[in-house]
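Residue-level structural notes
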Amino acid sequence: MATLNSSRDSILLESGTNEVEFIEFYLGSVSYGINVSKVQRVLARSSVSVTGVAQAPYGAVGMIHIQEQPIMLMDLKMSLGIPFDPESIDLERQLILVTTFNKQTTAFLIDGISKIHRTSWENFEPLNENVTSEGAGGYSTGTVTFDENIIVILDLERLMLALFPSSHGNLGVLESVECRPEREAVRILYAEDSKMVRGITEDILHSSGYVQVDAFENGEDAYNFLQKRIREKDFDGLGPYDLVLTDIEMPKMDGLTLCRRVKTEACSANPPKVIVYSSLINKEMALKCVSVGADAQLAKPDVRQIVDLIDSLCLEAVPNS
């Protein structure tokens, strides 16, 4: 199977246009999707050898080796809690989706691939938090529809955090975070579509002393609230916020677009600092962050470093109250 080369023109979308490419695959009869930027390559299951692992985590099939590197192979249907009959699976037709995000490379067993779609984040419908998408086990950020076919967009970061809790840098951090009173003056606008990550990050910010945080589940809601505050002049000082903290992948408006619009439209005279905090951060994505005006970027799951990064960008710029 072909490697999905991130340098090809169809993936190198212009930064800040609110466009995304995602790969549509299926598990049983249901279509799912993930950002192409997370996909390293696709392999036939029959092309690799799988080595069993003692005391393997739930959903793990074993280890495979790609370019001599060991990679955990997860059965995505099992991990998501999708009922299936093992005897009905055709091992010769199964594929392996090799992904890289959160500084980790993981492989997932899938039933097949349909196509790659390019679309706007505006076309994604956030999943109602009171509704569980059938087959996704709640690990979905929303849906997008093409030709009446509903595609469930998976939140693989949340899935991996649930399966491997210690892989996230936040656990045990709250007790070690020093609370500094000068942080209370910093006003933060935060956009993150994952309820779990958003809650973890807010807890750490509040514990460290960053208590003025307005959090939203997508870039569009965050940007609209920013504009509302500007129209109503609901702030003191040079601007409504000192810092914008944002994920990249979000329905309605992604983080790169949010950053560009904050810097060039809403707050062009006195723009706040912007930190992009995403599982997609690599050398190429870091360049995209710079191109839209971001002041810094941080790869998930380094939650503890967020506090240090905000300190370096904001504390000296905020006058003592």
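Below: a short report on this structure. (Residues numbered from 1 in each chain as written. Predicted model: local features only at pLDDT ≥ 70, side-chain atom pairs only at ≥ 80, totals over all residues. Heavy atoms only, no water.)

Let's shift gears to the overall build of the protein. Check the secondary structure of the protein and you find seven helices and 16 strands. In the protein, which comprises 321 residues, the proportion classed as buried is 52%. By sequence separation, contacts in the protein at least 24 residues apart represent 67% of the contacts at least 6 residues apart. Here the protein displays about 15100 Å² of accessible surface, and carbon together with sulfur accounts for 47% of that area. (Helix = DSSP H or I, 4+ residues; strand = E, 2+ residues; numbered from the N terminus. Buried < 20%, exposed > 50% of the residue type's maximum accessible area, 1.4 Å probe, protein only. Contact = heavy atoms within 4.5 Å. Areas by Shrake-Rupley, 256 points an atom, 1.4 Å probe, with all protein chains shown as cover.)

Quick look at the pattern of salt bridges now. Counting across every chain of the model gives 18 salt bridges. The residue Arg180 makes a salt bridge to Asp311 at a minimum N-O spacing of 3.5 Å. Residue Arg180 is found in the loop between helix H2 (156-163) and strand S12 (187-191), and its partner Asp311 is found in helix H7 (residues 303-314); the two are separated by 131 residues along the sequence. Here Arg180 falls in the partly exposed class, since its relative accessible area comes to 25%. (Salt bridge = Lys/Arg side-chain N within 4 Å of Asp/Glu carboxyl O.)

Another point: the sheet that holds strand S9 (residues 125-126). The mixed open sheet is built from six strands, whose spatial order is S8-S1-S2-S11-S10-S9. The open sheet has two edge strands, strand S8 (112-120) and S9, and neither has a second partner. Looking at chain direction, S9 and strand S10 (residues 140-146) are connected through two bridges and run antiparallel. Paired with Pro126 across the strands is Gly142, a residue of S10. (Pairing = 2+ DSSP bridges.)

Our focus in this paragraph is the nonpolar core. Residues Phe25 and Leu76 are the most contacted members of the largest nonpolar core, which totals 26 residues. With sequence-adjacent residues up to four places away left out, Phe25 is seen in contact with Val30, Ser31, Tyr32, Gly33, Ile34, Leu76, Leu97, Ile110, Gly112, Ile113, Ser114 and Leu154. Within the second largest apolar cluster, 25 residues are counted, among which are Leu258, Cys259, Val274 and Val292. (Core = buried A, V, L, I, M, F, W, Y, C linked by side-chain atoms within 4.5 Å.)

What follows covers the packing of helix H3 (residues 195-208) against H7. Across the interface, H3 lies against H7 with an axial gap of 10 Å and an inter-helix angle of 45 degrees. What the angle tells us is that H3 and H7 run oblique. Read as a crossing pair, H3 and H7 show a hand that is right-handed. Between H3 and H7, the contacting residues are Thr201, Ile204, Leu205 and Ser208 on the first element and Val303, Ile306, Val307 and Ile310 on the second. In terms of residue class, the contact of H3 with H7 is made up of six nonpolar, two polar and no charged. (Axes fitted to C-alpha atoms, helices over the stretch in contact; angles between N-to-C directions. Parallel < 35°, antiparallel > 145°, perpendicular 65-115°, else oblique. Left-handed = near helix turned anticlockwise from the far one by under 90°. Nonpolar A, V, L, I, M, F, W, Y, C, P; charged D, E, K, R; others polar.)

Let us look at the side chain of Arg183. If you trace the backbone, Arg183 turns up in the loop between H2 and S12. Among the residues examined, Arg183 registers a relative accessible area of 3% and is labelled buried. The residues contacting Arg183, other than those within four sequence positions of it, are Glu178, Ser208, Gly209, Tyr210, Val307, Asp311 and Leu315.

Attention now goes to the packing of aromatic side chains. Going through the model one piece at a time under the given rule, you end up with five aromatic pairs. Arranged with centres 5.8 Å apart and planes meeting at 70 degrees, the rings of Phe22 and Phe124 form a pair that is edge-to-face. Within this pair, whereas Phe22 is found in strand S1 (residues 19-27), its partner Phe124 is found in the loop between S8 and S9, the two being separated by 102 residues in sequence. In terms of burial, Phe22 and Phe124 fall into one category: buried. Pairing Phe22 with Phe146 gives two aromatic rings, centres 6.0 Å apart and planes at 40 degrees, and the pair type is tilted. In this pair, Phe22 is assigned in strand S1 and Phe146 in strand S10, connecting sequence segments 124 residues apart. (Phe/Tyr/Trp six-rings, centres within 6.5 Å; stacked < 30°, edge-to-face > 60°.)

Moving on, we come to the packing of helix H4 (residues 219-232) against helix H5 (residues 255-266). Remark: H4 packs on H5, axes separated minimally by 10 Å, with the N-to-C direction vectors making an angle of 20 degrees. For the element pair H4 / H5, the angle class is roughly parallel. In this structure, H4 meets H5 at a crossing whose hand is right-handed. Residues Gly219, Ala222, Tyr223, Leu226 and Ile230 of H4 form the contact with H5, whose own contacting residues are Leu258, Arg261, Val262, Glu265 and Ala266. Here the residues of the contact of H4 with H5 sort into seven nonpolar, one polar and two charged.

Below, the discussion takes up the sheet that holds strand S3 (residues 39-44). Strand order in the open sheet made by the five strands is S3-S6-S7-S5-S4, with mixed pairing throughout. Strands at the two margins of the open sheet, each flanked by one partner only, are S3 and strand S4 (60-66). The sheet shows a mean angle of 30 degrees between the axes of neighbouring strands, direction not considered.

Further remarks concern the pairing of strand S7 (residues 104-110). S7 sits mainly inside the fold: five of its seven residues count as buried. By the bridge criterion, four bridges tie strand S5 (residues 69-75) to S7 in an arrangement that is parallel. Directly across from Asp75, in S7, lies its bridge partner Leu109. Where strand S6 (residues 95-101) meets S7, seven bridges bridge the pair, whose relative direction is antiparallel. Bridge pairing links Ile96 to Leu109 in S7. Connecting S6 to the antiparallel partner S7 that follows it, the hairpin turn spans two residues, and Asn102 within it adopts a positive phi of roughly 55 degrees.

Everything listed here is a matter of geometry and, on its own, says nothing about what the molecule does.
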